[in-house]
Structure formats: C-alpha cells, structure tokens
Amino acid sequence: MSKTVLITGSSRGLGAEIARTFAKDGFQVVINYYQSQKKAEELVAEIGPDRAMAIQADVRNRAEVDQMVQQAVAKFGSLDTVVNNALINFKFDPVAQKPFKDLTWDSYQEQIDGTLKGAFNVTQSALPQMMAQKAGQVVNIGTNLFQNPVVAYHEYTTAKAAMIGFTRNLAVELGEFGINVNMVSGGLLQTTDASAVTTPEVFDYIKQTTPLRKVTEPSDVAKAVLFLGSAQGRGLTAQNVTVDGGLTMN
C-alpha cells in the first residue's frame, strides 16, 4: 500500500520541494496551504490529482487542523508521515530585520504560534491515526541559525530552537508506539520565497565559509526529510539532522 504524507506550508518553497520529493518516492501527498491556493492546486496537478490533494488550513487553528487530518485520512486511508514545515509571515531580510531593542514580544509570539503551536496542533491531531497503525514518522523543520546565527533573526530562530525540545520529548514518549520523531535543520536556502530578499553578500559569505563551497538548495533538505520520513529512517529518532553543507558541525 502507498504511504501518505502531510506537509504543512507546502504550496511553495521548501514545502513544495518536499512534496515533489515524497511524490517521486511513491507517497500520496497532502499539500497544506494557508493563502497560496493557486500554487497548491498547480502542485496537485503536477503530481497528479489521484496521488495528491490540497487542503487549506491555518495550522494555528486546531479546528481547521483536525478537519484537514480527517479529510486526508478519508481520501487516502492512512496518514503515515507528518512534516511540520509551515512558516508564518517571515522573510530572511538582513536589511529589514529589526534589532532586539526594537522588537516587541508580539513578534516572538507570532513565530512561536506559527512554528511551535502549529507543529503541536498538527502532530497531536495526527497522533490517533499513527498510534492505531502502530507506526508513523514526524519530521520537524528547524534551522541551522540557532547554531550559527549569521544574521540575528531573533524571533524566527528562537521559535525554531524550541522545536528541538518538542522533537526530543515526543520521540521519548512515542517510540513505544512505533512513531519516530526527528528534525531537519537546513541552512539558508537558495532560493525560496522566504529568502528571495536575502542580499547577495549573505549568500556569498555562506558559500565561502561552507566546506562544500555552495549554498544549500531546497532539494538538499527535501532528500533528508524523505529519508527520515520514510522506512529508510526507521532506525533514527530524536535526532536533529543539519543540512547546510557542513557550515555547522555537530
């Protein structure tokens, strides 16, 4: 039987690349979007409407998330992998980024809600299905910025750093049910909508200081997510896999 993956925030950017990568591996794909309906529908057409579906849901809204999970299971019969990728209202713009002294707590809260609360809602909603199957994979999308803050994206980085604790606690609790929980932390990606305004100087700095002498691409991260989100990664849990060409070393 085909496996089913739900990827939040997957109508564009990294999420869309993850969707394509899972689809190529034979997964049925649930494409979650918040506002980008047209792009989500185009991606469904690209993958094939028999193997993909697009569902609008704000991951911060539990009722919408529950309905999304129910729709996914109703169409495909199972939910085997969840990828918590959604990013709410953030751009990697080193020029526009406010220094800490000018930030408000609301800026932090917005990222915490989009990242941590979103992952909480989606994972908890999908859990009964995975527990019933006695198998499942959860892959959370992090960042290498909490290890090497090339630019001090305070609110984004803090929210993503919280995902390490979320990942490891879930892994400890859910392992006995056959559920793996891991995290993939990419470097700054060239190029997604979120990094479209990143200056050439930042990309050049990363390229020159990375052992592979290249900036990470969405496909690099997507392949790592597929590994952890499929049967190939069943031996790994509670791990944070950094995909940034060796810029940060664990």
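Since we're looking at a predicted model, the values are computed, not measured.

Visitor: Quick question: what am I supposed to make of the pairing of strand 6 (residues 179-186) here?
Guide: In summary, the side chains of a regular strand alternate between the two faces of the sheet. Across the 8 residues that make up strand 6, a large majority, 8, are buried. A two-sided burial pattern is seen for strand 6, the buried positions comprising I179, V181, M183 and S185 on one face and N180, N182, V184 and G186 on the other. Considered for its hand, the β-α-β crossover made up of strand 5 (residues 136-143), helix 5 (residues 154-174) and strand 6 is right-handed. Pairing geometry for strand 6 and strand 7 (residues 240-243), over 4 bridges, is parallel. Counted as the bridge partner of S185 is T242 from strand 7.

Visitor: I would appreciate a short explanation of the sheet that holds strand 1 (residues 4-7) in the present structure.
Guide: Neighbouring strands of a sheet are bound in pairs by backbone hydrogen bonds; such pairs are parallel or else antiparallel. Judged by pairing direction, the sheet is parallel, and its 7 strands sit side by side in the order 3-2-1-4-5-6-7 without closing on themselves. Taken across any chain shown, the strands that pair with only one partner, and hence form the sheet edges, are strand 3 (52-56) and strand 7. Each strand axis lies, on average, 20 degrees off the axis of its neighbour in the sheet, ignoring direction. Here strand 4 (residues 81-84) runs beside strand 5; their pairing, made up of 4 bridges, is parallel. Its bridge partner lying in strand 5, V83 is registered against V139. Sheet contacts for helix 2 (residues 37-47): strand 2 (28-33) and strand 3; angle to strand 2, the most-contacted strand, approximately 170 degrees.

Visitor: Please clarify how the pairing of strand 5 should be interpreted in this entry.
Guide: Summarising burial for strand 5: 8 of the 8 residues are buried, a large majority. Following the backbone out of strand 4, through helix 4 (residues 105-133) and into the adjacent parallel strand 5, one traces a crossover that is right-handed. Across 8 bridges, strand 5 lies against strand 6 in parallel orientation. Counterpart to N140 in the pairing with strand 6 is M183.

Visitor: Looking at this structure, how should I read the packing of helix 3 (residues 62-76) against helix 4?
Guide: Each packed pair of helices is defined by two parameters, the angle between the axes and the distance between the axes. Where helix 3 meets helix 4, the closest approach of the two axes is 9 Å, and the angle between their N-to-C directions is 40 degrees. For the element pair helix 3 / helix 4, the angle class is oblique. The interaxial crossing formed by helix 3 with helix 4 has right-handed handedness. Here R62, V65, D66, V69 and V73 of helix 3 come into contact with helix 4, specifically with F120, N121, V122, Q124, S125, A126 and Q129. A per-class count over the contact of helix 3 with helix 4 returns 6 nonpolar, 4 polar and 2 charged.

Visitor: Even after reading the chapter, I still don't get unusual backbone geometry, so can you show me in this structure?
Guide: As a rule of thumb, non-glycine residues mostly have phi less than zero, and peptide bonds are mostly trans rather than cis. For R213, which is not glycine, the phi torsion reads 55 degrees and is therefore positive. Its location among the elements puts R213 in the loop between helix 6 (200-209) and helix 7 (218-228). Positive phi is not limited to glycine here, since A238 has a value of about 65 degrees. Relative to the helices and strands, A238 resides in the loop between helix 7 and strand 7.

Visitor: Whenever I open this one, the packing of helix 4 against helix 5 confuses me. Can you help?
Guide: The interhelical angle for the contact between helix 4 and helix 5, taken along N-to-C directions, is 25 degrees, at an axis separation of 7 Å. Compared by their axis directions, helix 4 and helix 5 come out roughly parallel. The element helix 4 and its partner helix 5 pack so that their crossing is right-handed. From helix 4, S107, Y108, Q111, I112, T115, L116, A119, F120, T123 and L127 reach across to helix 5, where they touch H154, E155, Y156, T158, A159, K160, A162, M163, F166, L170 and L174. Of the residues that constitute the contact of helix 4 with helix 5, the class distribution is 13 nonpolar, 6 polar and 2 charged.

Visitor: How do you make sense of helix 1 (residues 13-24) when you look at a structure like this?
Guide: Residues separated by three or four positions in an α-helix point in the same direction, a consequence of the helix having 3.6 residues per turn. For helix 1, built from 12 residues, the straight-helix expectation of 16 Å at 1.5 Å per residue is met to within 8% by its first-to-last C-alpha distance of 17 Å. Three or more residues of helix 1 are buried, namely L14, G15, A16, I18, A19, T21, F22 and A23. Considering only its buried residues, helix 1 is in contact with strand 1, strand 2, helix 2, strand 4, strand 5 and helix 7. Positive phi appears at G26, one or two residues downstream of helix 1, with a value of about 100 degrees.

Criteria and cut-off values
- Residues numbered from 1 in each chain as written.
- Predicted model: local features only at pLDDT ≥ 70, side-chain atom pairs only at ≥ 80, totals over all residues.
- Heavy atoms only, no water.
- Buried < 20%, exposed > 50% of the residue type's maximum accessible area, 1.4 Å probe, protein only.
- Helix = DSSP H or I, 4+ residues; strand = E, 2+ residues; numbered from the N terminus.
- Right-handed = clockwise from strand over helix to strand, strands pointing away.
- Pairing = 2+ DSSP bridges.
- Axes fitted to C-alpha atoms, helices over the stretch in contact; angles between N-to-C directions.
- Contact = heavy atoms within 4.5 Å.
- Parallel < 35°, antiparallel > 145°, perpendicular 65-115°, else oblique.
- Left-handed = near helix turned anticlockwise from the far one by under 90°.
- Nonpolar A, V, L, I, M, F, W, Y, C, P; charged D, E, K, R; others polar.
- Expected span 1.5 Å × (residues − 1).

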